[in-house]
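Read off the chains here:
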Number of protein chains: 2
Amino acid sequence: MCGGCNGGAEANGSAANGTNGRVQHPVQNRSASSPYQSVGDYLSNVGNFKIIESTLREGEQFANAFFDTEIKVKIAKALDSFGVDFIELTSPVASEQSFKDCKTICGLGLKAKILTHVRCNMEDAKAAVATGVDGVDLVIGTSSFLREFSHGKSMAYIQKTAIEVIEYLKGEGVQVRFSSEDSFRSDLVDLLSLYKAVDAAGVQRVGIADTVGGATPRMVYDLVRTLRGVVHCDIETHFHDDTGCAVANAHAALEAGATHIDTSVLGIGERNGITPLGAFMARMVVTSPDYVKSKYNLKELKALETLVADAVQINIPFNNPVTGFCAFTHKAGIHAKAILNNPSTYEIINPEDFGLNRYVSISSRITGWNAVKSRVDQLGLKMSDEQVKEVTAKIKQLADIRPLAIDDTDSILRSFHAEQVEGSGTY
Amino acid sequence: MCGGCNGGAEANGSAANGTNGRVQHPVQNRSASSPYQSVGDYLSNVGNFKIIESTLREGEQFANAFFDTEIKVKIAKALDSFGVDFIELTSPVASEQSFKDCKTICGLGLKAKILTHVRCNMEDAKAAVATGVDGVDLVIGTSSFLREFSHGKSMAYIQKTAIEVIEYLKGEGVQVRFSSEDSFRSDLVDLLSLYKAVDAAGVQRVGIADTVGGATPRMVYDLVRTLRGVVHCDIETHFHDDTGCAVANAHAALEAGATHIDTSVLGIGERNGITPLGAFMARMVVTSPDYVKSKYNLKELKALETLVADAVQINIPFNNPVTGFCAFTHKAGIHAKAILNNPSTYEIINPEDFGLNRYVSISSRITGWNAVKSRVDQLGLKMSDEQVKEVTAKIKQLADIRPLAIDDTDSILRSFHAEQVEGSGTY
């Protein structure tokens, strides 16, 4: 029934999830006191998923994106080095250069498999095959919105064309994914019928896409869970971030049995984009640390994001998970005290896993004396706890009036220390 | 049993959710074909929630934040005008100025209720009352991490102190919220015992906090759902965004029966912050458009975000929901064509609800002739479909070589049009 399908064992989560097919739950392992610290079940692939990296396809749809061949090659190599499983490229029929670039990237000899993303018709499929890609991602809109206002085709026509194109691609020996667009606003019965037919025709993956970014994690869980019971092949998912749920939706999809997640670097894509690779890594390194740390070169994340941010002339968002400038900055006194005792108190991610450092800020009115004491020790100054409390009060007083930089605070500490030494007569 | 509790009717979602206690599901209303377009049940408060806006508390813990009195007042007024239900302020014991600023903001006569956030001890509670706030948000760490590495107190001690402080605050006639810190890594039985006790003591709200940002929507749903069955009072939730799930977690909490969500403008707070007000509005205006549009002044969002971004010297992230520069920019030809026919095809949020506009980009290799035709019409040029297809090919060819600005593209269209007119002899 399911010719080229490689997802049977993998997709039900029973083969490669570690101990007896159960997903490892690190948070639970650390402190098994709460039944809600992690949720896993036999469908879950949170510890066994693949990334389809779409910076060079979805990312090219970002408002600022213009990628010439040189930057495309650089990004493809950086993604490959990071360890993504698939690299998806813009359709070769988009333009002449798009076709050439597909061929160029296919010729790089990367470990990652190369895909291109085309409309579900024979002409596009033939152009895709001519570029030498490993796989073709077919897409067609199935929602009533898209059928009415975009291509105007019936479900029967869609299915007939899909089967023809799939048969052709199978004959050419390339992997095939078939995806609907706007899956969450498509008729469920139509959708399942179509997926069942293309699964039987032998696709490697079917795709669910939240094209407008309106889905919630529970909607995702329920749809993927149902689809998992209908098809035997792998399930790919694609989430736009219009309502801020793209990372959580990817996680929910894996919990429900999806096998592949679409990402782009910093999430760049149409409108405000899709599941960002970095934020997704932040999520998954917490859920499945062993799998993520052994498979992806997390220490390359910051350089990869910087490469893409520069190419499309944007700043890395201040609040980006992991690589935002303040992602590991601790400021409130109560936090700083605990962090200095044990970083796990206020950090769910270890910055060192990403080659980064934490920073404890002491230059504000909400600092505390434990944090100040740590800085005093770093500076090699000797003070009693009483003295540290006294200088902390001074810092809070000054920070009440104007912003302080770390240099300002260090000066206050040094000058206070000098006064104390002088005053004590040990000078 | 539940003295000052105001959450009984509201919290179980049966009173104010519109029709017969069922939450309105707009997405489902638009196209009722899929059972997964929306998930609702009798516990859900997605159509009936309150916002506790914490830019002036959590936001002050953001690395870059230094708020003087003037900017605090400006932000408080802007939040009030936007329509948030509560404004939470930094503890008055943090510094002398913090105390004074609490008093100043309490004296502004805003519609929003004013809260301050203090450690669960009598000294802090007394200082809070002295500022004139409407309510006091008590917090204490209950996870084994925090009990070991932060305050070192036993659960019995925590409960005894909490009851004393709550009794005192009730006597002073202020609202009380009691929250744990790091709730998802706390012992569930300890947590439920404590919440049951403070509920019986008459708090208005108990709080759940994902202090480290490690929770997922299913973990949130399960914990809030359980708590909903244990306490009668309202349930407030607070989600950090370290793993990119803070918006989805807030939505899941409401689905499970939480009543109040903590936000800050642009999410500013410790590390990379908490649920951002704007992204949360994007999520909720899709889930519950009538409730959100009637209650919050969405058109003020951009000005509010700009005010706070300027105050803490950050840029609004390029990918911010709603207000990111490209949140309503459409680029791929297939998208642009459909958007021009009906914006709902590729937009789940109407930009006009936020006083914003959509933009269809045509200056790229992935544009299509329908999008170009629309621009041709906007410019008042007359071309046949064949001519539009011809000039589209030209644009794609040029955009293959170098980035094009909209001015460039307009010049191409005008010059092509002039040539055609000249060539046709109608000149």
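Residues numbered from 1 in each chain as written. Chains lettered and ligands numbered in written order. Predicted model: local features only at pLDDT ≥ 70, side-chain atom pairs only at ≥ 80, totals over all residues. Heavy atoms only, no water.

Colleague: I'd like a rundown of the relation of the copies chain B and chain A, residues and numbers included.
Modeller: With an RMSD of 0.1 Å, chain B superimposes on chain A once it is rotated by 180° and translated 0.0 Å along the axis. When the rotation and shift are considered jointly, the pair of chain copies conforms to a two-fold rotation axis. Every residue of chain B has its C-alpha some distance from the rotation axis, and the shortest such distance is that of B:Pro317, at 2.4 Å. Take the interface residues of chain B: 100% of them recur as interface residues in chain A, which is what a same-surface contact looks like. (Least-squares fit on C-alpha atoms with pLDDT ≥ 70 in both. Contact = heavy atoms within 4.5 Å.)

Colleague: Just give me the short version of the sheet that holds strand S8 (residues 260–263) of chain A, but keep the residues and values in it.
Modeller: Residue and element names in this part refer to chain A. What the eight strands build is a closed barrel, ordered S1-S2-S3-S4-S5-S6-S7-S8; its pairing is parallel. Shown here is a sheet whose adjacent strand axes are inclined to one another by a mean of 25°, direction ignored. Of the strand pairs in this sheet, strand S1 (residues 50–53) and strand S2 (residues 86–89) are connected by two bridges, and their pairing is parallel. When the bridges of S2 are listed, Ile52 appears paired with Phe86. Contacts between helix H9 (residues 217–228) and the sheet are confined to strand S6 (205–210) and strand S7 (234–239), with S7 contributing the most and set at about 160° to the helix. (Pairing = 2+ DSSP bridges. Helix = DSSP H or I, 4+ residues; strand = E, 2+ residues; numbered from the N terminus. Axes fitted to C-alpha atoms, helices over the stretch in contact; angles between N-to-C directions.)

Colleague: Quick one: what's the story with the interface of chain B and chain A, residue by residue and with numbers?
Modeller: In this assembly, 103 residues from chain B lie in contact with 103 residues from chain A. The contact between chain B and chain A buries some 9000 Å² in all, and 59% of this surface belongs to carbon and sulfur atoms. Put simply, chain B and chain A have four salt bridges between them. Taking the shortest distance from any N to any O, the salt bridge between A:Glu60 and B:Arg365 comes out at 2.3 Å. (Buried area = accessible area lost by both parts, 1.4 Å probe. Salt bridge = Lys/Arg side-chain N within 4 Å of Asp/Glu carboxyl O.)

Colleague: Outline the packing of aromatic side chains, supporting the account with residue identities and numerical values.
Modeller: Inspection of every chain in the model, using the stated rule, returns 12 aromatic pairs over all chains. One aromatic cluster is present, built from ring pairs that chain together A:Phe49, A:Phe82, A:Phe280, A:Tyr291 and A:Tyr296. When the ring centre of B:Phe86 is taken as reference, the NZ or CZ atom of B:Arg205 above it lies at 5.1 Å. Positioned above the aromatic ring of B:Trp369, the side-chain terminus of B:Lys389 is 4.6 Å from the ring centre. (Phe/Tyr/Trp six-rings, centres within 6.5 Å; stacked < 30°, edge-to-face > 60°. Lys NZ or Arg CZ within 6 Å of the ring centre and 35° of its normal.)

Colleague: I'd like to hear about the domain arrangement of chain A, residue by residue, with values.
Modeller: Residue and element names in this part refer to chain A. The domain boundaries assigned to chain A delineate domain 1 (50–312) and domain 2 (329–424). A C-alpha centroid distance of 46 Å is found between domain 1 and domain 2. Contact residues are listed per partner, giving nine residues for domain 1 and seven residues for domain 2. In total, domain 1 and domain 2 occlude about 660 Å² of area from one another, counting both sides; carbon and sulfur atoms represent 74% of this. The three residues of domain 1 that bury the most area against domain 2 are Val286, Leu298 and Lys299, which together make up 53% of that side's buried surface. Between domain 1 and domain 2 we count one salt bridge in total. One salt bridge in this structure joins Lys293 and Asp353, with 3.3 Å as the shortest N-O distance. On inspection of domain 1 and its partner domain 2, the count reaches one residue pair in polar contact (both at pLDDT 80 or more). Mapped onto the side of domain 1 that touches domain 2, the elements with two or more residues apiece are helix H11 (277–287) and helix H13 (301–311). Of all the elements, H11 adds the most residues to the side of domain 1 that touches domain 2, at four residues. Here the side of domain 1 that touches domain 2 is composed, by residue class, of six nonpolar, no polar and three charged. (Domains from an automatic or database assignment. Polar contact = N/O pair within 3.5 Å; in protein donor to acceptor, adjacent residues only side chain to side chain. Nonpolar A, V, L, I, M, F, W, Y, C, P; charged D, E, K, R; others polar.)

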